[in-house]
Amino acid sequence: MSASIKEFMKPLESSGKRLYGDLSKSFKRYLKRTRFKVGLAITVVILFLALVGPWIVPYPDEGEGYVPPEASQREKQPPSLKFLFGTDTRGRDLFSRVILGARSAVLQITTVISLSLVIGLVVGILAAYFRGVVETVLNYLVELFISIPAVIVALVLRLALGPGLLTIITSLVITWWSWYARVTYVYARSIMEMDYVTLARLSGLSPVKIMTRHVMRNVLTPVLVQAVTDMGSVLLEASTINFLGLGLPLNSPEWGVIMFEGLGVLEIAPWISAYPGLFLLITALGFSLVGDTLREEMDPRLRRRWRLWF
Amino acid sequence: MPDNNIIVLLKDVVAGYQTTGRGWRSLFKHVNVVLRNVNLRVYDGERVAIIGESGSGKTTLLKVILGLLKPVKGSVEVLGKEIYKLPRRERVNVLKQVGYVPQDPYKALNPKLRVRTILSEPLESTKANLEEIEERVREVAKMVQLSDKILDKYPSELSGGMMQRVLIARSIIHDPEILILDEPTSALDVSIQAQIIELINNIHKKLELAILTVTHDLGVAQYLSDRAVILYKGEVIEEGHTDDIIAKPKHEYTNLLIASYKASI
Amino acid sequence: MVLAVKAKDLRVGYMDEEENILWAVKGVSFEVKQGEVFCLVGESGCGKSTIGNTIIGILPPYAVTEGELYVFNKPVVVGNLRDYTGIRGRVVSYVPQNPGTSLNPYQTIGTQLYYVLNSVYGWDKKKSLEVAKKYLSLVELDPESVIDYYPHELSGGMQQRAAIAIALSTGAKILVADEPTSALDAHLRLQLIKLLMKLRDTESLTLILITHDLVSTGKICDTIAVVYSGKIIEKCSGSNVIIEPLHPYTQMLADAVPLLGIKRPLKSIPGEPPKPGEEIAGCVFAPRCPLVFEKCVEAPPSFNVYNGEVACWRYVNIARQ
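Residues numbered from 1 in each chain as written. Chains lettered and ligands numbered in written order. Predicted model: local features only at pLDDT ≥ 70, side-chain atom pairs only at ≥ 80, totals over all residues. Heavy atoms only, no water.

**Looking at the overall build of chain B**
- Counting secondary structure elements, chain B contains 10 helices and 10 strands.
- Compactness check: chain B gives a C-alpha radius of gyration of 19 Å against a globular reference of 18 Å for 265 residues, within 12% of the reference.
- The principal-axis extent of the C-alpha atoms belonging to chain B is close to 55 × 45 × 40 Å.
- The long-range fraction of contacts in chain B, counting pairs at least 24 apart against all pairs at least 6 apart in sequence, stands at 69%.
- In chain B, 36 positive and 34 negative side-chain charges are present, and the distance between their average locations comes to 7 Å. (Helix = DSSP H or I, 4+ residues; strand = E, 2+ residues; numbered from the N terminus. Rg over C-alpha atoms; globule rule 2.2 N^0.38 Å. Contact = heavy atoms within 4.5 Å. Lys, Arg positive; Asp, Glu negative; His and termini not counted. Charge placed at Lys NZ, Arg CZ, Asp CG, Glu CD.)

**A few points about the overall build of chain C**
- Scanning chain C from N- to C-terminus turns up 10 helices and 13 strands.
- Scaling as 2.2 N^0.38, a compact globule of 321 residues should have a C-alpha radius of gyration of about 20 Å, and chain C matches this with 20 Å.
- Along the longest, intermediate and shortest principal axes, the C-alpha atoms of chain C span 65 × 50 × 40 Å.
- Burial statistics for chain C: of 321 residues in total, 56% are counted as buried.
- Restricting the contact set of chain C to residue pairs at least 6 apart, pairs at least 24 apart contribute 59%.
- Positive and negative side-chain charges of chain C, numbering 32 and 34 respectively, have mean locations separated by a distance of 4 Å. (Buried < 20%, exposed > 50% of the residue type's maximum accessible area, 1.4 Å probe, protein only.)

**Overview of the environment of S116 of chain A**
All names here are of chain A.
- Mapped onto the elements of the fold, S116 is located in helix α4 (residues 94-130).
- Classification of S116 by relative accessible area gives buried; the value is 0%.
- It is 35 Å that separates the C-alpha atoms of S116 and G264, two residues lying 148 residues apart in sequence.
- Beyond its immediate sequence surroundings of up to four residues, S116 is in contact with V173, W176, W177 and Y180.

**Some remarks on helix α4 (residues 125-138) of chain C**
Residues and elements named next belong to chain C.
- With 14 residues, α4 should cover 20 Å at 1.5 Å per step; its first-to-last C-alpha distance of 20 Å lies within 8% of that length.
- Here α4 has its buried residues at S128, V131, A132, Y135 and L136. Seen along its axis, α4 keeps its buried residues to an arc of 150 degrees; they face one direction. Exposed side of α4, more than 90 degrees from the buried face: K126, E130 and K134 are the residues found there.
- Packing partners of the buried residues in α4 comprise α3 (109-121), α5 (143-146) and α6 (156-168). (Expected span 1.5 Å × (residues − 1). Arc of directions from axis to C-beta.)

**Some remarks on the sheet that holds strand β5 (residues 74-78) of chain C**
All names here are of chain C.
- Pairing is antiparallel in the open sheet, where 5 strands are placed in the order β2-β1-β4-β5-β6. Two strands close off the open sheet at either side, each with one partner strand: β2 (21-33) and β6 (81-82).
- Sheet topology places β5 next to β6; 2 bridges connect them, and they run antiparallel. When the sheet's bridge partners are listed, V77 is paired in β6 with R82.
- Where helix α1 (residues 48-56) meets the sheet, its contacts fall on β1 (3-15), β2, β4 (63-71) and β5, and the angle it forms with β2 comes to roughly 65 degrees. (Pairing = 2+ DSSP bridges. Axes fitted to C-alpha atoms, helices over the stretch in contact; angles between N-to-C directions.)

**Re the pattern of salt bridges**
- Enumeration according to the criterion identifies 34 salt bridges over all chains in this entry.
- Between K58 of chain B and E183 of chain B there is a salt bridge, and its shortest N-O distance comes to 2.5 Å. Highlighted residues: K58 of chain B in helix α1 (residues 58-65) and E183 of chain B in the loop between β7 (178-182) and α7 (190-207), separated in sequence by 125 residues. Each member of the pair, K58 of chain B as well as E183 of chain B, is classed as buried.
- Salt bridges linked by common partners bring K209 and R213 of chain A together with E121, E124 and R170 of chain B together as one network. (Salt bridge = Lys/Arg side-chain N within 4 Å of Asp/Glu carboxyl O.)

**With respect to the interface of chain B and chain C**
- Of the residues lining the interface, 28 residues belong to chain B; the matching set on chain C comes to 36 residues.
- At the boundary of chain B and chain C, one finds 0 salt bridges.
- Along the contact surface separating chain B from chain C lie 1 residue pair in polar contact (both at pLDDT 80 or more).
- Mapped onto the side of chain B that touches chain C, the elements with two or more residues apiece are α6 (160-172), α7, α8 (218-224), α9 (242-247) and α10 (252-263) of chain B. (Polar contact = N/O pair within 3.5 Å; in protein donor to acceptor, adjacent residues only side chain to side chain.)

**What about the packing of helix α6 (residues 150-161) of chain A against helix α7 (residues 165-192) of chain A?**
Residues and elements named next belong to chain A.
- The interhelical angle for the contact between α6 and α7, taken along N-to-C directions, is 145 degrees, at an axis separation of 9 Å. Judged by the twist between their axes, the crossing of α6 over α7 is right-handed. Residues A150, V153, A154, L157, R158 and L161 of α6 form the contact with α7, whose participating residues are L166, T167, T170, S171, L172, I174 and T175.
- Its residues assigned to classes, the contact of α6 with α7 comprises 8 nonpolar, 4 polar and 1 charged. (Left-handed = near helix turned anticlockwise from the far one by under 90°. Nonpolar A, V, L, I, M, F, W, Y, C, P; charged D, E, K, R; others polar.)

**Observations concerning the pairing of strand β11 (residues 231-237) of chain C**
Residues and elements named next belong to chain C.
- Most of β11 sits out of view: 5 of its 7 residues are buried.
- Direction of pairing for strand β10 (residues 223-228) relative to β11: antiparallel, over a ladder of 6 bridges. For I224, the partnering residue across the bridge sits in β11 and is C236.
- Count of turn residues in the β10/β11 antiparallel hairpin: 2 residues, of which S229 carries a positive phi of about 50 degrees.
- Sheet topology places β11 next to strand β13 (residues 308-310); 2 bridges connect them, and they run antiparallel. When the sheet's bridge partners are listed, E234 is paired in β13 with V310.

**Some remarks on the environment of V115 of chain B**
All names here are of chain B.
- The topology assignment puts V115 in helix α4 (residues 115-120).
- Classification of V115 by relative accessible area gives buried; the value is 1%.
- With 40 residues separating them along the chain, V115 and P155 place their C-alpha atoms 6.9 Å apart.
- If near-sequence neighbours (up to four positions away) are discounted, V115 is found in contact with I150, L151, K153, L158 and V166.

Shown next, in the form of structure tokens:
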């Protein structure tokens, strides 16, 4: 009997060693559930504010941007009972503006993401289905648009179209669609290799039917998850563009715009930029938490391992 | 007895895949030849097996027969028509008379569709109305011994054996002239393999169609074919009645296959 | 005489999110002598791979165990405690099913062997490569060329041999091979089995083979354990399992495999193997058994019959107590 085997005939030693069965997983699981709950709570609150904003804010007109005549006497006032977040540079109630900003944020995000998704899905699926020249051309376009920063596009569009919702949405969609197109293309390629697509072809199904029934349905889930996870980033990018004055015009109830207005008076009236900034961060965080959790749920491999241990 | 109708006819087929050569050769199109001078015929009502291991070219041969890969040389006739000389629409029409059961059930069933939709798909381009389609779906489900309850399920709820049956049902629902099966039993457990082999033979008797099985398993070939063709490195090295080949192999490689089958895990 | 592996009423389950346990292995006991070839035979989902994983020590963290498992008399599983220090990768090594995916595609075979030898023995690159060449020639691969090859440059059979070489280089005395030949072509299978047999003799290895083919295992295995739904329903010597399968399930398995040249009708077993983790009251095979009778509602214990053991009530009268 070799030495190595003799060594292993010693009985199991006492519990100094790490024992797998006994770790407290419940704490970690609790953390994970809380994370999702927090994210969900934030998202729900923001959605709620977006929906009912105009009816619950104390000064709806000021929130929209209207400057009442007496406002010039109450410019840049710190938070008080009358004006919960204080007043902005023109004397309007900051609270109303920020709450209405939620509506603007949700509107921008949903429009941008839905439009980009639609375009991206179509392009990705077409490229994967038709291959050849179509594939090369579309992929080239995707690579081209992915590398354009949204800010530059916004700059150009601002000059061409002037400020407004159309500008900001267009500039974001022009760059974001390419991300979804790329993700779609990758998944769609692997789906085209599947035998059920071959079978559908042999059965004489039309290309449109194959693309919708087989490719689209199976590509949708991962791409949607990507979209949800992106919500936070889209918000931040939109706010940045607005902050730079390249999107929505001044006086709009939009967090980026308000922050810009408060920039010049940052030292004497920090609340003007601080409150919208805070809301921005919290909203982006909320979306991100929800998106991350969804992504973990969708991935079957991750689910088994992380569920109990993280 | 098979009559003189030839369902599938391959004459001197040479086929392969396009690759780019290395270095300066990348300027020229280069074909990596996988099949050399393959001749094959399948008569109406016959059971034929193509026996080959990985690398023998059987996957390529399947693609050629199914109209998915145009051969470099030679002709491919299905039901009397040269499919690669036809415009795409007509080719698809000819191939609709072919039933195909792919190898991997996990890749051959769309996970987002219910079994009913999967089964009725081949009938969508026909003029049948919804009731007729539903009736036919139930008919084939019964033929493959699947209960009606399966029709509403998704592929993820089915076992390997059930998935294979769904695939077989789908392949016969449009009443094809020939059924082509790619490794019909390799993904299955031993106890179910026998069931599926029995099922395929029953379908052959009942529907009187031709059966072409591509497999590496001599045992399966023995039970699913009367005539067999042995494929090695892209060439047909032996052909004849299956029982004869197994009892009296002529080629060395066939001998090797038989010996390995008898002795292996 | 030392028992390489000993299992006593071993149960292994997996816990899911809701803390339900799905038992894949429901109480198995067996002994593997040193130098023996032991086969675990069963269909998919029966738990044989789980048993293999438990011996090697690669159960996931959410696995739950009960019972006992000893490797060379060292307890590695006691209740829900598992301790494989010094065993995993040192005494027991593993040859996985699919050679293509078990070798690191970014490292040459030589590098992979080096990492193993370095972590086991602490040798430097030069010495490791020398020893690596020895192992490669042991598995009948040409050491000089293969050592610099990447896995994708080798054929399937060669990849499997390389995986075996890596498993051996740990100095392991027990080799667990999970369906080592199912990913290979027929003529390669024969070669691989011959190789394993040769290694067993020259290196005095204990081989544990996990497979689904009953008929072929009979020829090379010393002991066969037939696994069905997490239980060992028959245990006997290799040659006996074909001549005289005892359990109805084993009989049907033997009947269902096509034999070349003899075209007897294939008998198929109705129904499907139970899903992994499915709980069946009474005898696990009762729902599909053609010889089922009233006593089968109780789970049968293992009876010693002739040269083997079988868990079937049909044998209660001739069992030796």
